[in-house]
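This is what each chain is made of:
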Amino acid sequence: MPRIAVIGGGLAGLCCAIELARRCMDVDLFEAAPELGGRTRSMFDPVTGTWFDNGPHLLIGAYRATRNWLDACGLASHIHWQSALRLPLWDARRGHFELAPRPSLPLWISLPAALARLQGHDWRELPALARLLIHRPRPGEAVDSWLKRMRTPDALARDLLTPLCLGAMNEPPATADASSFANVLRLSFASHNHARLGWFRAPLTQALIKPLASLAHNLGVRVHLRTRITHIEGQLGHMTLVDRHGRQWRAELVVRTNPDTSGESRPITSIHLWFEQDIRLPEPVIGGLDTTGHWFFDTSRQTGGREGLVHLAAVISASAPEQKEILVQRICNEIGAMLDIPSPTPAHCRVICERRATQLVRSRHGTTCHSGVIPAGEAPVPGGIPATIELAVQRGIGAARRVRMLLHA
Ligand SMILES: Cc1cc2nc3c(=O)[nH]c(=O)nc-3n(C[C@H](O)[C@H](O)[C@H](O)COP(=O)(O)OP(=O)(O)OC[C@H]3O[C@@H](n4cnc5c(N)ncnc54)[C@H](O)[C@@H]3O)c2cc1C
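Residues numbered from 1 in each chain as written. Predicted model: local features only at pLDDT ≥ 70, side-chain atom pairs only at ≥ 80, totals over all residues.

Draft legend 1. Seen up close, the environment of Leu 59. Along the chain, Leu 59 turns up in strand 5 (residues 58-60). By the C-beta count within 10 Å, which is 20 here, Leu 59 ends up buried. Along the primary structure Leu 59 and Glu 233 are separated by 174 residues, whereas in three dimensions their C-alpha atoms are 38 Å apart. With residues near it in sequence (within four places) discarded, Leu 59 still touches Thr 66, Ile 79, Gly 198, Trp 199 and Ile 389. (Helix = DSSP H or I, 4+ residues; strand = E, 2+ residues; numbered from the N terminus. Buried ≥ 20, exposed ≤ 12 C-beta atoms within 10 Å, placed from the backbone. Contact = placed C-beta atoms within 7 Å.)

Quick look at the structure:
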């Protein structure tokens, strides 16, 4: 049985290890942290006695590889999918409104109609939307410049495209790569099925990582936690991995799924609030416009609304703009304004800033390839899909396929 080493126990590494083990390979999975999961992980909060995610994760129906693969792993029921896209939005001036294309009509008809129904929008946005779906951006162009060149009305850019850009690319339109964003638009607006949102029904550790870890274990994958690989030597067929304590392992091939830390990355800040009062958002997810929080989540509702404290979260696609106390107060003010109540006081709060939340979409030159090492770390490129769960699953599956091709060559 060929022996394969997979470095990195995040989603991409787990996916690769499981795919290899399913094809009867002998797999070692190395993870530097004490737990599997990487950036899709949950933490235990001792004050509330609950598990919560480093950051709420949203999926879209266009994540085909993720949907198919989680289905094949028996985890389809762990995700809640909207039956069709409903994008609730809020701003201080207009209050609550939502983009909800009618599922009875094809999306290319119902989406512009739904947009035209929003306050401040009209049918003149239809040609602008069509231009964005038809015309490709120039190489290296930023989203902002592409939207201007396509004569995109301000309302369309502000209410739909900017929240989507922040959510999908984790970067504002001024710097985000337009060709990747165009790809996101084409994929997500291909049909009602592609456009709908999904979220996990439980914290990521329970809904995703533990079931995958147990599947990997049952398939015979050997998981080495607290094992940071520092050197890889040898060549295809005769590789040696060394960890920081000098321990060594042999493998025929190595797959690296850990991200290249020298790449340009961007933070995500998640503000977790627990309330004793029964404070509920009107929707499980709400996009905030001109708000400090870019997205607001009713986490208790997403995960089944158990008894006890109510858990809400807000996400900022950037580092925390101010001190924790001020940030929490601003988010509570925004929740209060959203619910038309005085600013609520949380019983407990946590602010988690993941400094390297996502690798940004950038051209990448001169990556050196080592014989016997398959690079599968997060490195999104212009025109491709941005750093997401979908990219992690695609990288994991793709690396497993390359292992099989190399071994059979
Ligand atoms: C706060 C937050 C919110 C997000 N929201 C979304 C979202 O809503 N939708 C979405 O699709 N995506 C979202 N993402 C992105 C998504 O989580 C990541 O793209 C995905 O988890 C990347 O998985 P990975 O396996 O490639 O990398 P990682 O999860 O980073 O896994 C790499 C692993 O390698 C380990 N490692 C590193 N170096 C070594 C070494 N030398 N030896 C051994 N192990 C090593 C690390 O400890 C880590 O566990 C979000 C990310 C964050 C942080």
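Draft legend 2. Structural view of the nonpolar core. Core analysis: the largest hydrophobic core is formed by 109 residues, its most contacted members being Ile 4, Cys 15, Cys 16, Ala 17 and Val 255. Tallying contributions element by element places helix 1 (residues 11-22) first for this core, with nine residues. (Core = buried A, V, L, I, M, F, W, Y, C linked by C-beta atoms within 7 Å.)

Draft legend 3. Region of the structure containing the environment of Ala 155. Turning to its location among the elements, Ala 155 is positioned in helix 6 (residues 154-169). For Ala 155 and Arg 201, which are 46 residues apart along the polypeptide, the C-alpha to C-alpha distance reads 33 Å. For Ala 155, the residues in contact, after removing those within four places along its chain, are Gly 120 and His 121.

Draft legend 4. Here's a closer look at the packing of helix 3 (residues 107-117) against helix 4 (residues 125-134). Close contact between helix 3 and helix 4 brings their axes to 10 Å; oriented N to C, the two are set at 135°. When the axis of helix 3 is compared with that of helix 4, the two are oblique. The way helix 3 lies across helix 4 gives a crossing that is right-handed. On helix 4, the residues touching Pro 112, Leu 115 and Ala 116 of helix 3 are Glu 125, Leu 126 and Leu 129. Residues that form the contact of helix 3 with helix 4 fall into these classes: five nonpolar, no polar and one charged. (Axes fitted to C-alpha atoms, helices over the stretch in contact; angles between N-to-C directions. Parallel < 35°, antiparallel > 145°, perpendicular 65-115°, else oblique. Left-handed = near helix turned anticlockwise from the far one by under 90°. Nonpolar A, V, L, I, M, F, W, Y, C, P; charged D, E, K, R; others polar.)

Draft legend 5. Quick look at the sheet that holds strand 9 (residues 197-200). The three strands lie next to each other as 5-9-6, forming an open sheet whose pairing is antiparallel. A single partner strand is all that each edge strand has here, and the edge strands are strand 5 and strand 6 (79-81). With strand direction ignored, the average angle separating the axes of adjacent strands in the sheet is 30°. Bridge count for strand 5 against strand 9 is three bridges, and the pairing is antiparallel. Along strand 9, the bridge assignment pairs Ile 60 with Leu 197. (Pairing = 2+ DSSP bridges.)

Draft legend 6. Local environment of the environment of Arg 196. With respect to the helices, strands and loops of the structure, Arg 196 is situated in the loop between helix 8 (192-195) and strand 9. With 20 C-beta atoms counted inside 10 Å, the residue Arg 196 sits in the buried group. Separated by 103 residues in sequence, Arg 196 and Arg 93 have C-alpha atoms that sit 26 Å apart. Beyond its immediate chain neighbours, meaning those up to four positions away, Arg 196 contacts Gly 61, Trp 81, Gln 82, Ser 83, Ala 84 and Leu 85.

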